[in-house]
Amino acid sequence: MGFRCGIVGLPNVGKSTLFNALTETAAAQAANYPFCTIEPNVGRVAVPDPRLDRIREIAKSAQEIETQLEFVDIAGLVRGASKGEGLGNQFLGNIREVDAIVHVLRCFEGGDVTHVEGRVDPIADAETVETELMLADLDSLEKRVPNLAKKAQQGDKEAKVQASVLGQALELLRASQPARLTRPRDEEEKRALERAQLLTAKPVLYVCNVDESDAAAGNALSARVFEKAAVEGAKAVVISAAIEAEIATMAPADRPEFLSDLGLEETGLARVIRAGYDLLHLITFFTAGPKESRAWTVAKGAKAPQAAGAIHSDFERGFIRAETISYDDYVACGGEAGAREAGKLRSEGKDYVVQDGDVMLFRFNV
């Protein structure tokens, strides 16, 4: 399991440049005019995790396999998208299929790239896109909620749950607030909200695209975006899409020195991944053996059988127990044998909550 992020924003803010850099491909045409990305481009990227390198070294595995994330480059939205302007219906449909929204905002002045609205204002850009998403959700719920309310009055229990939580979302949208501020009362309402696939219920990561000179510390424009994110409970990161595009063409051995010269400790990809993991409450666990060491992603709070299911559904169905070692203990003890001897290998059952960095071996029977 990873997660699927939709890269959105107004035209010409650097979405496709970022996508190309993230996936180290040129699959998305980056051009200085709107709608150069007509069909959504999908790219899968490996999640860099130095812990996996160490585990492979200790386990003497033949190979290592990183967990992956999926990015979808969605063509630029414009005013009126909720009514179908600028191929809006297609774009909104693409956004509906992702788990989180990576909202790229232009936070640099000048340059050869023309802003679609003739000015540089990342907050206004964010509000333009958010407004279109809210209008689309509002249109959807104003049709659905009255019908659900009628069914609820007739004794339909499922409709009652939906009417309650979607009614709350509708009131928020009417007050020009996103549906992600909805507070489900229980798990049933939470699942009903998720099934509704509301565009503004999805978590948001703002990506501030800055000039190369501002890549380390950001600038006044990106600072405003961080303030907005803090108020909303969203996340924000600063990157330079131009730098990321350059890094993507380099040999891996040359990248650390290049980053150091720019005052950067890591790539923008690493920052986007860490922020995305935090946003979606994801953690990583590992498996290790002679053939391979591998990283896997599960939601924070997942129990051992769910982690087993991330590897194969048979593992979850026939789960017996999980032999578990924390990453720190695995390293300190020199691997599984040393951890077992030191009493650091634990046998955990179905109620065990997986911790970030756990090295696990599943016992199952089907």
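Keep in mind the model is a prediction, meaning the values are calculated, not measured.

A word on the packing of helix H4 (residues 122-153) against helix H5 (residues 157-174)
Working step 1: Remark: H4 packs on H5, axes separated minimally by 8 Å, with the N-to-C direction vectors making an angle of 145°. The handedness of the crossing between H4 and H5 comes out as left-handed. Between H4, through Met-134, Asp-137, Leu-138, Leu-141, Glu-142, Arg-144, Val-145, Leu-148, Ala-149, Lys-151 and Ala-152, and H5, the contact on the second element is made entirely by Ala-159, Lys-160, Gln-162, Ala-163, Leu-166, Gly-167, Ala-169, Leu-170, Leu-173 and Arg-174.
Working step 2: Here the residues of the contact of H4 with H5 are counted per class, giving 13 nonpolar, 2 polar and 6 charged.

Quick look at the packing of aromatic side chains
Any pair of aromatic rings gets described here by the distance separating the centres and the angle formed by the planes.
Working step 1: Overall, the coordinates contain 4 aromatic pairs when judged by the stated rule.
Working step 2: On the numbers, 6.0 Å between centres and 90° between planes, the contact of Phe-285 with Phe-362 is edge-to-face. In this pair, Phe-285 is assigned in strand S8 (residues 282-288) and Phe-362 in strand S12 (residues 359-364), connecting sequence segments 77 residues apart.
Working step 3: Its relative accessible area of 8% is what places Phe-362 among the buried residues.
Working step 4: A connected cluster of aromatic rings, assembled from ring pairs, spans Phe-285, Trp-296, Phe-319 and Phe-362.

Observations regarding H4
Working step 1: The end-to-end C-alpha distance of H4 is 45 Å, a good match for the 46 Å that 32 residues give at a rise of 1.5 Å each.
Working step 2: In the structure, H4 departs most strongly from a straight axis at Leu-141, where the bend amounts to approximately 30°.
Working step 3: Two residues or fewer after H4 comes Gly-155, characterised by a positive phi angle close to 100°.

How each quantity is defined
- Residues numbered from 1 in each chain as written.
- Predicted model: local features only at pLDDT ≥ 70, side-chain atom pairs only at ≥ 80, totals over all residues.
- Heavy atoms only, no water.
- Axes fitted to C-alpha atoms, helices over the stretch in contact; angles between N-to-C directions.
- Helix = DSSP H or I, 4+ residues; strand = E, 2+ residues; numbered from the N terminus.
- Left-handed = near helix turned anticlockwise from the far one by under 90°.
- Contact = heavy atoms within 4.5 Å.
- Nonpolar A, V, L, I, M, F, W, Y, C, P; charged D, E, K, R; others polar.
- Phe/Tyr/Trp six-rings, centres within 6.5 Å; stacked < 30°, edge-to-face > 60°.
- Buried < 20%, exposed > 50% of the residue type's maximum accessible area, 1.4 Å probe, protein only.
- Expected span 1.5 Å × (residues − 1).
- Bend = angle between axes of the 7 residues up to and from the residue.

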